[in-house]
Amino acid sequence: MKLSNIFQNGMVLQQKQDIRIFGKTDVNCLVEVSLKNTRTLIVHKHQVKSDDSGLFLCILPPLKGGYDTYSLTATSCDETEVIDDIVIGELYVTAGQSNMAYPLDYLEDNGKYLKKCDDYIRFMNIEDLTILRPYHPLDNLKSGQWTYTTNQAVLKCSAIGFVFASQLKERLDVPIGLINTAVGGSSIDSWLSHKAIDENEQIKDYLIDEGRFVEEDDYHKMGDLNYTVKAGIYNEKITPIRHLTIGGILWYQGENSVKDFGSAKYYRIALKTLIAQFRNIFRNEHLPIVVCHIALNYYPQGSEFAVPMINEAISLVSQEHQHVYQIPVYDYYPNWLIEDGRDLYNPIHPVTKSFIGLRIANTLYKNEYTHLGGAKPPILSDIQYFKDILVLTFNDVFEGLKTDDDDTIYGFTIASDNHVYHDATAKIISHNQIEVYNEYVKEPKYVTYGFFLYNTICNVKNSEEYPLIPFRNTYDSCDQAKYYAPAKYLYGESLLEYENNFFPQFGGAYHKPCWDSGRLNNQGRVALSLDKQYKTQGNSSIQVSYEILTQGVNYIGVSPIIDYVGHHHHIENFNYLKVDIMSMQKNVKFLGVLIKTQQNDVYLLPVREASYLGVTMAKNEFITYTIDLRKAYRSDTCIIDCSQEMLQSIYEMQLTFQVKENGVLYIDHLRYHL
């Protein structure tokens, strides 16, 4: 007789639900299972008979969580097994890819959480001993040992899982157990059963097209993909614990499916199937499942909208299910470990993860344990179409929508029938409504929010501090519409953005400037800073302090950085660029915008208000200047028409000024339009 090897000394059992004990003995043999409180000596006992395969499942009555320890005894056919130091509390399964598996050892603020370790937060890592997955479901785990978080091994615990567990324990005051099944790089089909895949024609067809649908004879012939072959992780890590009663599942996965719209549509279907499968296998149709959005990192195999499309799939599925909670992650500025290229230092692994664990704990505590509600992100619920304005209504705003310090709202884009999206002006007009418009977009029909890479500039949230879920009001491949990705340089609110190169060998992940001193023609010393006094919108503008190096005419410039990996500027979609500029000196001339293309040609995009090269600026007054994107001066001052291909190939640009003395400029609010 042998209990399933999930049952070990020091384990956590789920409170307030039936306790299921299972294992294997001789065929048709009587099994007696007892659970004894070692303090009160109260014993809960039940007998069952094993089936024709020798498997047995014994159900004991629910118990309330607490810090008493229990002893589990199973007896069958003159054999007895005893498991000691069991506690009753909340038991969660963590699953997904490497960002869920990412260990506490590398969390950026782990010292704060290591102080919360105690004997009543316990975990089991189901580690990979081999990359060859079983084709058929297993009855026992290949690896895993219950561990106290006071042990040094806690550093290997899932960082998100531990932060979640420590916070939930503080709020519920019961032991917390984690079973970590996450596998770095795993695909969602590896978490689905053969049956679930075979019964869903769309999933099966997609896997066939991708060359990932394999039968038993070819199961271990996938090379580097053997570790994430279809149904492999399900068979190895989920079916052995399928009879356990658990409190819920924390899911953080989807990076493997970042590719295109077809992949995102597949992921949406597969995620719905996975949720149904989890609830079926753990015998709880209302099982709480938390689904984390994936971080907005660059993935070279996907388009610039591939990550937003995966998060869109997560959002849509979450909204279709009760007790499924989505966790947005874009609103925290990421940090990374920079070192020698080991997997844990990969740029797709931000060390900024504690907020995710805290957000999960808060979400589940308020919605599943206290039913207070309030801990959900706001979601678009309705759009009203007026002549040139859209009024958007949102659910789950609670006490209302807001931004920090009444900031200008960033992140909305709108388009009319031509599907050319423009950066939109947005205003909160009631506790749950925002109006959006752009003076150059007539009769808008389409709207997006945060639907782009590097979207930390987006700043709308609800009273519970949950950020607005990114969205669009169409569902398409992004191939026909001319989507727009607002960049930080447009607003004068920051001098830094982050860039992610996927692999350390290609540049890693780091913070880089939004603006720099002129890269194409700069004859002076230029220093950049943010200024909160002089501005035309938002909280600040870019202050440009310059020092000339020679007497007479000098040329100085400032360059918005537009060459972020994975981000396209979309300049080719527009005819004009407007910019607000103020000079604190007389006789400063704004010449226009120098551009450099991928063909290494340099051109000057002229100021529309100028009759020739440049316009003399007013002193001490912000003036809006318009840059004509349809024509350009060559270096011989001949005017040429700008083709869409030429604008698309721009990778450097510089606002260029002619000056005669040291001085200061202020630049704010760049915006493109037709």
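Note that this is a predicted model, so its numbers are computed, not measured.

Reading the values: the criteria
- Residues numbered from 1 in each chain as written.
- Predicted model: local features only at pLDDT ≥ 70, side-chain atom pairs only at ≥ 80, totals over all residues.
- Heavy atoms only, no water.
- Disulfide = S-S within 2.5 Å.
- Helix = DSSP H or I, 4+ residues; strand = E, 2+ residues; numbered from the N terminus.
- Buried < 20%, exposed > 50% of the residue type's maximum accessible area, 1.4 Å probe, protein only.
- Salt bridge = Lys/Arg side-chain N within 4 Å of Asp/Glu carboxyl O.
- Patch = residues over 30% accessible without salt bridge, like charges linked within 9 Å, V, L, I, M, F, W, Y side chains within 5 Å.
- Areas by Shrake-Rupley, 256 points an atom, 1.4 Å probe, with all protein chains shown as cover.
- Lys, Arg positive; Asp, Glu negative; His and termini not counted.
- Charge placed at Lys NZ, Arg CZ, Asp CG, Glu CD.
- Axes fitted to C-alpha atoms, helices over the stretch in contact; angles between N-to-C directions.
- Parallel < 35°, antiparallel > 145°, perpendicular 65-115°, else oblique.
- Left-handed = near helix turned anticlockwise from the far one by under 90°.
- Contact = heavy atoms within 4.5 Å.
- Nonpolar A, V, L, I, M, F, W, Y, C, P; charged D, E, K, R; others polar.

**Focus on the state of the cysteines**
Thinking step 1. Using the criterion set out here, one finds one disulfide in the structure.
Thinking step 2. Bridging Cys29 to Cys77, the disulfide has an S-S length of 1.8 Å. Here Cys29 is found in the loop between strand S3 (19-24) and strand S4 (30-37), whereas its partner Cys77 is found in the loop between strand S7 (66-76) and strand S8 (79-96), with 48 residues between them in sequence.
Thinking step 3. Distance from the sulfur of Cys292, which forms no disulfide, to the nearest cysteine sulfur (Cys157) is 15 Å.
Thinking step 4. Left unpaired, Cys458 is separated from the closest cysteine sulfur, that of Cys514, by 14 Å.
Thinking step 5. Cys458 gets classed as buried once you look at its relative accessible area, which sits at 6%.

**Focus on the pattern of salt bridges**
If charged atoms from side chains of opposite charge come close, those side chains can pair.
Thinking step 1. Tallying each qualifying case throughout the model produces 34 salt bridges.
Thinking step 2. Here Asp128 makes a salt bridge to Lys237, at a shortest N to O gap of 3.1 Å. On the criterion of sequence distance, the pair formed by Asp128 in the loop between strand S9 (121-125) and strand S10 (147-148) and Lys237 in helix H6 (residues 232-238) is long-range, its members being 109 residues apart.
Thinking step 3. Two residues, Asp139 and Arg242, come together in a salt bridge whose shortest N-O distance is 3.3 Å. With Asp139 in the loop between S9 and S10 and Arg242 in the loop between H6 and strand S12 (248-252), this pair connects stretches of sequence that are 103 residues apart.
Thinking step 4. A single network of salt bridges, built from pairs that share partners, joins Asp128, Arg133, Lys142, Glu236 and Lys237.

**Here's the deal with a negative patch on the surface**
Thinking step 1. On the surface, Asp198, Glu215, Glu216 and Asp217 cluster together to form a negatively charged patch.
Thinking step 2. In this structure, Asp198 sits in helix H4 (residues 194-198).

**Examining the packing of helix H5 (residues 201-209) against helix H7 (residues 261-281)**
Packed helix pairs are characterised by how far apart their axes lie and by the angle those axes make with each other.
Thinking step 1. The geometry of H5 relative to H7 is characterised by a closest axis approach of 10 Å and an angle of 135° between their N-to-C directions. By the angle between their directions, the pair H5 and H7 is classed as oblique. Handedness of the crossing formed by H5 with H7: left-handed. For the pair formed by H5 and H7, the contact residues are Gln202, Ile203, Tyr206 and Leu207 on the first element and Gly262, Ser263, Tyr266, Ile269, Ala270 and Thr273 on the second.
Thinking step 2. When its residues are assigned to classes, the contact of H5 with H7 shows six nonpolar, four polar and no charged.

**Structural notes on the packing of helix H3 (residues 159-172) against helix H9 (residues 354-369)**
Thinking step 1. Where H3 meets H9, the axes come as close as 7 Å, and the angle between the chain directions of the two elements is 40°. As far as their axial angle goes, H9 and H3 are oblique. As for the relative orientation of H3 and H9, their crossing is right-handed in sense. Note on element contacts: H9 touches H3 through Ser354, Ile356, Gly357, Leu358, Ile360, Ala361, Asn362, Leu364, Tyr365 and Tyr369, opposite Ile160, Val163, Phe164, Gln167, Leu168, Arg171 and Leu172.
Thinking step 2. A per-class count over the contact of H3 with H9 returns twelve nonpolar, four polar and one charged.

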